[in-house]
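Understanding the architecture of this molecule
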Amino acid sequence: VLSDPCKIIGYTTNDPYSSFKIDRGSNKDDGIELYDPVVTSEGLVGLVTEIAPNYSVVTTIMSSEISVSAVVSKTNDTGVIEGSLALQKDGLTQMMHIDKNAKRVKSGDLVVTSSTSGIFPSGYLIGTVKEVGNSESGLTKYATIEPSVDFSKLTTVMVIRDFDGKGEGETDETN
């Protein structure tokens, strides 16, 4: 269930990851909740991380404060999207914890959300693989990701208020 379109009403001061406020919040007409995913037609933007009755704060996938379960759509190799200050300067993020034996992930592959966390619905476009390398430990691989959303041009977003599998992933403490 998607919210009505939400206008960006301001950016968080001194946040290098471009978190922002939207004009919808927790009041009953808007129905937005903490940790609801935020998207555009281009793909995944981030997560609602603060909420008030009339506005919400969205932390983008560029931030190191958010981890997104992800899968390379062509190869089904999995990993976690985690922001990096060094990469963010170039408008990029990274996919960490890819199996070290994943030889098929390559530049140009599309990366989408995985449903394993229960926080994000599966299949939302995150971005495109730019390059693949081995982690410093040598135990896993990483991929540099160019997000499908141009965060510098955002004016309107949508909040996913409900989806099949919401809250049913590994973060669900009722299991």
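Our subject in this report is the structure included herewith.

The rules we used
Residues numbered from 1 in each chain as written. Predicted model: local features only at pLDDT ≥ 70, side-chain atom pairs only at ≥ 80, totals over all residues. Heavy atoms only, no water. Salt bridge = Lys/Arg side-chain N within 4 Å of Asp/Glu carboxyl O. Helix = DSSP H or I, 4+ residues; strand = E, 2+ residues; numbered from the N terminus. Buried < 20%, exposed > 50% of the residue type's maximum accessible area, 1.4 Å probe, protein only. Pairing = 2+ DSSP bridges. Axes fitted to C-alpha atoms, helices over the stretch in contact; angles between N-to-C directions. Patch = residues over 30% accessible without salt bridge, like charges linked within 9 Å, V, L, I, M, F, W, Y side chains within 5 Å. Areas by Shrake-Rupley, 256 points an atom, 1.4 Å probe, with all protein chains shown as cover. Polar contact = N/O pair within 3.5 Å; in protein donor to acceptor, adjacent residues only side chain to side chain. Contact = heavy atoms within 4.5 Å.

Pairs can form between side chains of opposite charge whenever their charged atoms are close. Using the criterion set out here, one finds 4 salt bridges in the structure. For the salt bridge of Glu146 with Lys130, the shortest nitrogen-to-oxygen distance reads 3.7 Å. Taken together, the residues Glu146 in strand S11 (residues 140-147) and Lys130 in strand S10 (residues 125-134) connect sequence positions 16 residues apart. For Asp150, the salt bridge is made with Lys153, and the minimal N-O distance between the two is 3.9 Å. Judged by its relative accessible area of 64%, Lys153 is exposed.

Here we take up the sheet that holds strand S7 (residues 78-82). With antiparallel pairing, the 6 strands of this closed barrel are ordered in space as S6-S7-S8-S11-S10-S9. Pairwise comparison of adjacent strand axes, ignoring direction, gives a mean angle of 40° for this sheet. In the sheet, strand S6 (residues 67-72) pairs with S7 via 5 bridges, with the strands oriented antiparallel. Bridge pairing in S7 places Val68 opposite Ile81.

Taken together, the side chains of Leu34, Tyr35 and Ile51 present a nonpolar region at the surface, about 270 Å² in accessible area. With respect to the helices, strands and loops of the structure, Tyr35 is situated in the loop between strand S2 (20-22) and strand S3 (37-40). Classification of Tyr35 by relative accessible area gives partly exposed; the value is 49%.

Turning our attention to the side chain of Thr40. Relative to the assigned elements, Thr40 resides in strand S3. Overall, the relative accessible area of 12% leaves Thr40 in the buried class. Reaching out from Thr40, the side chain makes a polar contact with the side chain of Glu42 at a distance of 3.0 Å. In contact with Thr40, not counting residues within four places along its chain, are Val45, Val149, Leu154, Thr156 and Val157.

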